[in-house]
Amino acid sequence: MANNNNPSSLRWTLLRQALLRRPPPPQPTSAEGQSQNTIKRISRKAMQGFNMIPYHLVNGDSEEEAIILNRRNGNYNSKDATLCYTLPIHGNGAPTNKLFLTQRMNNVADISDLEFCNKHDIDNTGLVCQWPSEDVLAYFCLSHADLFRSKRVIELGSGYGLAGLVIAAVTDATEVIISDGNPQVVNYIEHNIDANSKAFGATKVKSMTLHWNQDKISNISYSFDLIIASDCTFFKECHKGLAQVVKNLLKKVGPCEAIFFSPKRGDSLDKFLEEIKENGLQFSITEKYDAEIWNRHQRFMNGDDHDAWPSYEKDHSYPLLVRITP
């Protein structure tokens, strides 16, 4: 049987192992050992995070939450939950500093999701949870709101869209497009945009299905001042397409950049940055970009918050700030 190491195939292998509940053989062959190590390197659902923006599960205690909850229940899915994020600052003259995100509940997986991803050759990581680097990206956007003033912004591989929604709610961006390659995820993004529409002021906010390997994006090419992304560099087979998308989306005239937050994860980030250079783009990497995030990272590393994130590993968990320019 041919060796197939694409993400969807690796996940099916992992799922089969879990369902069969068979322990691995004591001494695997070289090929089997290599396969097991490869499976261990596929993306893992992160149950912990930096928690830079406080949030709670919506239960309808307040009038505002009841309205949001009722709106969600109009298209209710038992696998979903709605979280309320409390932003530390107001923006756009909005009457509220809260964002409501409907997403899959923790520990909920569906075979049909894997079948859909396998059929369409897409990844399901944006569906299973809010990844830690997205939280860090959203916090960075809050702390650097002036960066987005009068800018056209697109978020790539957004998942449920926290960072893009934060930009729309607290900055004076002209337009924010929140994109993901998984149409299932984009459905959630559309719902979340609708649920928070009153918070956006004059900023235009749209969702978009954008697969990094699609041939044509001519309707939005060379039109963005800022690209943002988090945890998007893990899969090496996506590097070439992602680097080309970055090059094709950034404006050709005037200052522009892409802001990525990504852990190193072995040589995955380095390999992506090689593709960035191949596309004639420049980049810089910053490890200490925010004092509070760095302090939390240090506490996780020292074991001070072991209960909060017991599986914390710098290489896999701590996002570096990568800024990419033409």
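Cut-offs used in this document
- Residues numbered from 1 in each chain as written.
- Predicted model: local features only at pLDDT ≥ 70, side-chain atom pairs only at ≥ 80, totals over all residues.
- Heavy atoms only, no water.
- Helix = DSSP H or I, 4+ residues; strand = E, 2+ residues; numbered from the N terminus.
- Buried < 20%, exposed > 50% of the residue type's maximum accessible area, 1.4 Å probe, protein only.
- Contact = heavy atoms within 4.5 Å.
- Areas by Shrake-Rupley, 256 points an atom, 1.4 Å probe, with all protein chains shown as cover.
- Axes fitted to C-alpha atoms, helices over the stretch in contact; angles between N-to-C directions.
- Parallel < 35°, antiparallel > 145°, perpendicular 65-115°, else oblique.
- Left-handed = near helix turned anticlockwise from the far one by under 90°.
- Nonpolar A, V, L, I, M, F, W, Y, C, P; charged D, E, K, R; others polar.
- Pairing = 2+ DSSP bridges.
- Arc of directions from axis to C-beta.
- Phe/Tyr/Trp six-rings, centres within 6.5 Å; stacked < 30°, edge-to-face > 60°.
- Salt bridge = Lys/Arg side-chain N within 4 Å of Asp/Glu carboxyl O.

You'll find the chain entered in an unreviewed UniProt entry as Calmodulin-lysine N-methyltransferase, with Cannabis sativa given as the organism.

K.L.:
Would you explain the overall build of the chain in this entry?
P.N.:
Helix and strand counts for the chain come out as 12 helices and 10 strands. Evaluated residue by residue, the chain yields a buried proportion of 49% over its 326 residues. Summarising the internal contacts of the chain: among those between residues at least 6 apart in sequence, 77% fall at separations of at least 24. For the chain, the computed accessible surface area is about 16,100 Å², with 49% contributed by carbon and sulfur atoms.

K.L.:
What is the right way to read the packing of helix 6 (residues 132-143) against helix 7 (residues 162-170) from this model?
P.N.:
Helix-helix packing: each pair is described by the crossing angle between the helix axes and the interaxial distance. It is the contact of helix 6 with helix 7, at a shortest axis distance of 8 Å, that shows an interaxial angle of 15°. When the interaxial angle is binned, helix 6 and helix 7 end up roughly parallel. Where helix 6 crosses over helix 7, the handedness of that crossing is right-handed. Here Glu134, Asp135, Leu137, Ala138, Cys141 and Leu142 of helix 6 lie close against helix 7, whose contacting residues are Leu162, Ala163, Val166, Ile167 and Val170. Within the contact of helix 6 with helix 7, the residues separate by chemical class into 9 nonpolar, no polar and 2 charged.

K.L.:
Whenever I open this one, the sheet that holds strand 1 (residues 55-57) confuses me. Can you help?
P.N.:
The strand order 1-2-3 describes an open sheet built from 3 strands, whose pairing is antiparallel. Both outer strands of the open sheet, strand 1 and strand 3 (98-104), are each paired with one neighbouring strand and no more. With strand direction ignored, the average angle separating the axes of adjacent strands in the sheet is 30°. In this sheet, strand 2 (residues 80-86) lies alongside strand 1 in antiparallel orientation, the contact comprising 3 bridges. In the strand pairing of strand 2, Tyr55 is matched with Tyr85.

K.L.:
Would you mind showing me how to read unusual backbone geometry here?
P.N.:
Glycine aside, residues mostly have negative phi, and peptide bonds are mostly found in the trans state. Notably, Tyr222 is not glycine yet its phi reads approximately 55°, a positive angle. You can see Tyr222 is positioned in the loop between strand 6 (204-209) and strand 7 (226-230). When its relative accessible area of 38% is taken as the criterion, Tyr222 is described as partly exposed. Although it is not a glycine, Arg265 adopts a positive phi angle of roughly 45°. The topology assignment puts Arg265 in the loop between strand 8 (257-262) and helix 10 (268-278). A relative accessible area of 14% means that Arg265 is categorised as buried.

K.L.:
Just to check I follow, could you spell out helix 3 (residues 63-73) for this structure?
P.N.:
Of all the residues in helix 3, the buried ones are Glu65, Ile68, Leu69 and Arg72. An end-on view of helix 3 places all buried positions within 100° of arc, on one side of the element. Facing away from the buried side of helix 3 by more than 90 degrees, the exposed set consists of Glu63 and Asn70. Summarising the contacts, the buried residues of helix 3 are in contact with strand 1, strand 2, strand 3 and helix 8 (183-195).

K.L.:
Honestly, the packing of aromatic side chains in this entry has me stumped. Any pointers?
P.N.:
By convention here, two paired aromatic rings are described through the distance between centres and the angle between planes. Counting across every chain of the model gives 15 aromatic pairs. With a centroid separation of 5.2 Å and an interplanar angle of 40°, the aromatic rings of Tyr55 and Tyr85 are classed as tilted. Placement of the pair is Tyr55 in strand 1 and Tyr85 in strand 2, with a sequence separation of 30 residues. Seen in terms of ring centroids, Phe300 and Tyr312 are 5.0 Å apart; in terms of plane orientation they differ by 35°. Their pairing is tilted.

K.L.:
Would you mind showing me how to read the pattern of salt bridges here?
P.N.:
When their charged atoms lie close together, side chains carrying opposite charge are able to pair. What the rule picks out here adds up to 14 salt bridges. Arg152 serves as the salt-bridge partner of Glu175, at 2.6 Å between the closest nitrogen and oxygen. Highlighted residues: Glu175 in strand 5 (residues 175-180) and Arg152 in strand 4 (residues 152-156), separated in sequence by 23 residues. Accessibility expressed as a relative area gives 21% for Arg152, which makes it partly exposed. Linking Glu257 and Arg323 is a salt bridge whose minimum nitrogen-to-oxygen distance equals 2.9 Å. With Glu257 in strand 8 and Arg323 in strand 10 (residues 320-325), this pair connects stretches of sequence that are 66 residues apart. The class of Glu257 is buried, set by a relative accessible area of 13%. Within the structure, one salt-bridge network assembled from shared partners comprises Asp146, Arg149 and Asp172.

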